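Remarks on the overall topology
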Amino acid sequence: MRPLIEFCVNNLTSDVLEIKAKLESNLDFDVLEYGCLGNCGLCARAPYALVNGELITAETAEELYKKILQACEEMEFRF
């Protein structure tokens, strides 16, 4: 099962757009963008994404990228 990585369109700063593009280029991931993921308070403060429904947050886009990859790697070992 490929990890599903979801982004909120309102949280897509230029830095987050860059990591989204990196993730989209990896065929091992399914990457989706939504108009709203319902995390508005968080969305206004920090980069975040959902990985298989699990909320991943970070202070920077690069940190978010690393955490997403880590979450995807950990998911492989759960199955």
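Here is a short report on the structure shown in this document. Here the structure is a predicted model, which is why all the values come from computation and not from measurement.

Another point: the pairing of strand 1 (residues 4-8). In summary, the side chains of a regular strand alternate between the two faces of the sheet. Most of strand 1 sits out of view: 4 of its 5 residues are buried. Inspection of the sheet shows strand 1 paired to strand 2 (residues 30-34) by 5 bridges, in the parallel sense. Paired with Phe7 across the bridge in strand 2 is Glu33. With 2 bridges joining them, strand 1 and strand 3 (residues 48-51) adopt antiparallel strand pairing. Counted as the bridge partner of Ile5 is Val51 from strand 3.

Together, Asp28, Glu73, Glu74 and Glu76 give the surface a local cluster of negative charge. On the secondary structure map, Glu74 appears in helix 3 (residues 61-78). When its relative accessible area of 38% is taken as the criterion, Glu74 is described as partly exposed.

The tally for this structure, following the rule as stated, stands at 5 salt bridges. A salt bridge links Lys20 to Glu24, with the nearest nitrogen and oxygen atoms 2.9 Å apart. One end of the pair is Lys20 and the other is Glu24, both in helix 1 (residues 14-24) and 4 residues apart, which spans about a single turn. In this structure Lys20 comes out as buried when scored by relative accessible area, which is 9%. For Glu24, a relative accessible area of 40% translates into the label partly exposed. With a closest N to O distance of 3.9 Å, Glu62 and Lys22 form a salt bridge. Of this pair, Glu62 sits in helix 3 while Lys22 is found in helix 1, placing the two residues 40 residues apart along the sequence. Among the residues examined, Glu62 registers a relative accessible area of 39% and is labelled partly exposed.

Scoring rules and cut-offs
Residues numbered from 1 in each chain as written. Predicted model: local features only at pLDDT ≥ 70, side-chain atom pairs only at ≥ 80, totals over all residues. Heavy atoms only, no water. Buried < 20%, exposed > 50% of the residue type's maximum accessible area, 1.4 Å probe, protein only. Helix = DSSP H or I, 4+ residues; strand = E, 2+ residues; numbered from the N terminus. Pairing = 2+ DSSP bridges. Patch = residues over 30% accessible without salt bridge, like charges linked within 9 Å, V, L, I, M, F, W, Y side chains within 5 Å. Areas by Shrake-Rupley, 256 points an atom, 1.4 Å probe, with all protein chains shown as cover. Salt bridge = Lys/Arg side-chain N within 4 Å of Asp/Glu carboxyl O. Lys, Arg positive; Asp, Glu negative; His and termini not counted. Charge placed at Lys NZ, Arg CZ, Asp CG, Glu CD.

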